[in-house]
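One letter stands for each residue in the lines below.
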Amino acid sequence: MILHIDMDAFYASASLIERPDLLGRPVIVGGAGRGVVLSATYEARRSGVSSGMPMGRARRLCPDAVVLAPDYDLYTQISGSIMHLFSQVTPLVEPISLDEAFLDVGGVCNGPESAAALGHELRDAVADEQGITCSVGVAPMKFVAKLASMSAKPDGLRLVRQDEVLDFLHPLPVEALWGVGASTQEKLHTLGLRTVGDIAHLPQRTLVRSLGQASGTTLHRLAWGHDERRVVPHEPERSIGSDETFGEDLDDPVLIKRHLLKLSDRVAARMRSAEVAGRTVVLKVRFSDFTTITRSRTLSEHTDVSREVYAVAAQLFDALGLQRARIRLVGVRVQGLTDRRLTSRQGKLGEREFGWQEADRAVDRASARFGAGIVRPASLVG
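Residues numbered from 1 in each chain as written. Predicted model: local features only at pLDDT ≥ 70, side-chain atom pairs only at ≥ 80, totals over all residues. Heavy atoms only, no water.

(A) Focus on the overall build of the chain. When helices and strands are tallied, the chain shows 14 helices and 13 strands. Here the chain has a C-alpha radius of gyration of 24 Å; the compact-globule value for 382 residues is 21 Å, and the two agree. With respect to the principal axes defined by its C-alpha atoms, the chain has extents near 70 × 45 × 45 Å. The burial tally for the chain puts 43% of its 382 residues in the buried class. Considering only intrachain contacts with a sequence separation of at least 6, the fraction spanning at least 24 residues in the chain is 64%. Counting only carbon and sulfur atoms, one obtains 50% of the accessible surface of the chain, whose full area is about 19800 Å². Once the 47 positive and 47 negative side-chain charges of the chain are each reduced to a mean point, those two points are 6 Å apart. (Helix = DSSP H or I, 4+ residues; strand = E, 2+ residues; numbered from the N terminus. Rg over C-alpha atoms; globule rule 2.2 N^0.38 Å. Buried < 20%, exposed > 50% of the residue type's maximum accessible area, 1.4 Å probe, protein only. Contact = heavy atoms within 4.5 Å. Areas by Shrake-Rupley, 256 points an atom, 1.4 Å probe, with all protein chains shown as cover. Lys, Arg positive; Asp, Glu negative; His and termini not counted. Charge placed at Lys NZ, Arg CZ, Asp CG, Glu CD.)

This is the structure:
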């Protein structure tokens, strides 16, 4: 049996931990101005607000909503604790994002009811330890478990036994299947297919003729409840990054570099929290006409030092030679990550015993005790 565990409105729920006064009110988490919605409470969702929606539209749909800025350090911390909890139950944990994961519990449960009981225990543990709720789907295969958790939202559990899979799947709309986006949905509707059951009972050769061999075959198999994909244990994240969309276009290099400093500081802090270091720094710049460019530079050594990440990002920006170009978004990303314990730094003649690396770790300790951002570069104060 496989569990799919999905936090309920994770980013919004996590943000409310420190704002209990907002419980029960419509709350939107995301970038201000021209940013997008990262998450919203169910009170805001009832007004039509959804993740990925432009913030301006979300505010029009729900004018009474309180908008909170995202706290990625908090989200990463809570997610790490939740994934650690899951790993105590089974080594077969496949995180899909910060707020959801698949667990293969076949080795620790002796049947559907046992797996469902474990799902309830994990829901209670997450609520008790983190103060947020989650929904759980229990099924014999991954994609049915995910659909089951969606049907259990919010704060519920849905068990789909092997002999119940087709009864559960066939009434669902075609877009419930993995791989059915807007374009494929339109093609299926053109064929008169509205439900998963319609796909299942259409001859596979007809589906292949319309969608192609790979897509047609896959959808037909999913419609009959066939999914052989296994739960793949977590692989280390290969990159960590952060973007920022400005409230209005910027053309002042000084201001833009301040944002690059803030992003570099955030990215490096996440790397240290994940105990990884990287070698390649990537700069992303999006102009007012939405044209986007990236530039990168690979260092001779791995790093997780905020100052070093920023130095490369600033050099990459200077190398663009922009003449007051209007910029809508900048981003910083570090790639080529590896376990920090497996890296070493070449010492330099006359180098101080303690430097920026130790300073960063002191900042991390202060942030863990007093809150993120309590210590930051002087140019970012105010």
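(B) Layout of the pattern of salt bridges. Summed over all chains, the structure comprises 15 salt bridges. E113 is the salt-bridge partner of R161, the closest N and O atoms lying 2.8 Å from each other. Placement of the pair is R161 in the loop between β8 (157–159) and α7 (165–169) and E113 in helix α5 (residues 112–130), with a sequence separation of 48 residues. Accessibility expressed as a relative area gives 46% for E113, which makes it partly exposed. Between D227 and R229 there is a salt bridge; the shortest N-O distance is 2.8 Å. Given a relative accessible area of 11%, D227 falls into the buried group. R229 sits in the partly exposed class, given a relative accessible area of 41%. When salt bridges that share partners are traced, they join D6, D8 and K153 into one network. (Salt bridge = Lys/Arg side-chain N within 4 Å of Asp/Glu carboxyl O.)

(C) Spotlight on the packing of helix α8 (residues 182–190) against helix α10 (residues 204–211). Where α8 contacts α10, the two axes come as close as 11 Å, and the packing angle between them is 130°. Classified by the interaxial angle, the pair formed by α8 and α10 is oblique. Both α8 and α10 take part in a crossing whose hand is right-handed. Each of T184, K187 and L188 in α8 lies in contact with α10, whose residues at this interface are L207, S210 and L211. Among the residues forming the contact of α8 with α10, the class breakdown is three nonpolar, two polar and one charged. (Axes fitted to C-alpha atoms, helices over the stretch in contact; angles between N-to-C directions. Parallel < 35°, antiparallel > 145°, perpendicular 65-115°, else oblique. Left-handed = near helix turned anticlockwise from the far one by under 90°. Nonpolar A, V, L, I, M, F, W, Y, C, P; charged D, E, K, R; others polar.)

(D) Representation of the environment of D163 within the structure. Structurally, D163 can be placed in the loop between β8 and α7. Sequence separation between D163 and P140 is 23 residues; the distance between their C-alpha atoms is 9.9 Å.

(E) Inspection of the packing of aromatic side chains at higher detail. Throughout the structure, instances matching the rule amount to six aromatic pairs. Note on F102 and W178: the rings are 6.4 Å apart at their centroids and 80° apart in plane angle, and the pair reads as edge-to-face. Placement of the pair is F102 in strand β6 (residues 100–104) and W178 in the loop between α7 and α8, with a sequence separation of 76 residues. An aromatic cluster is built from F10, Y11, Y72 and Y75, whose rings are joined through pairwise contacts. Positioned above the aromatic ring of Y42 is the side chain of R45, whose terminal nitrogen or guanidinium carbon lies 4.9 Å from the ring centre. Its guanidinium or amino end placed over the ring of F102, K142 lies 5.0 Å from that ring's centre, counting from NZ or CZ. (Phe/Tyr/Trp six-rings, centres within 6.5 Å; stacked < 30°, edge-to-face > 60°. Lys NZ or Arg CZ within 6 Å of the ring centre and 35° of its normal.)

(F) Quick peek at the side chain of S135. Mapped onto the fold, S135 is located in strand β7 (residues 134–139). A polar side-chain atom of S135 sits 2.8 Å from a polar atom in the side chain of D8. Other than its neighbours up to four places away in sequence, S135 contacts H4, I5, D6, D8, S149, A152, K153, P154, D155 and G156. (Polar contact = N/O pair within 3.5 Å; in protein donor to acceptor, adjacent residues only side chain to side chain.)

(G) Highlighting the nonpolar core. Counting residues in hydrophobic clusters, the biggest one holds 37 residues, and the most contacted among them are L3, I5, M7, F86, L103, L122 and V126. Here this core takes seven residues from helix α4 (residues 72–87), the largest share from any one element. Setting aside residues no more than four positions away along its own chain, I5 makes contact with F86, D99, E100, A101, L103, L122, C134, S135 and V136. Counting residues in hydrophobic clusters, the runner-up holds 29 residues, among them L147, A176, L188 and A223. (Core = buried A, V, L, I, M, F, W, Y, C linked by side-chain atoms within 4.5 Å.)

(H) Structural view of the sheet that holds β7. The strand order across the open sheet formed by five strands is β5-β6-β1-β7-β8, and the pairing between neighbours is mixed. For this open sheet the edge positions go to β5 (93–97) and β8, each flanked by a neighbour on one side alone. Looking at each pair of strands side by side, their axes are set apart by 15° on average, direction ignored. In the sheet, β5 pairs with β6 via four bridges, with the strands oriented antiparallel. (Pairing = 2+ DSSP bridges.)

(I) Here's a closer look at the packing of α10 against helix α11 (residues 213–223). The interhelical angle for the contact between α10 and α11, taken along N-to-C directions, is 140°, at an axis separation of 7 Å. In terms of their interaxial angle, α10 and α11 are classed as oblique. With respect to the hand of their crossing, α10 and α11 are arranged in right-handed fashion. Only Q213, S215, G216, T217, L219 and H220 of α11 make contact with α10, whose side of the interface consists of Q204, L207, V208 and L211. For the contact of α10 with α11, a count of residues per class yields four nonpolar, six polar and no charged.

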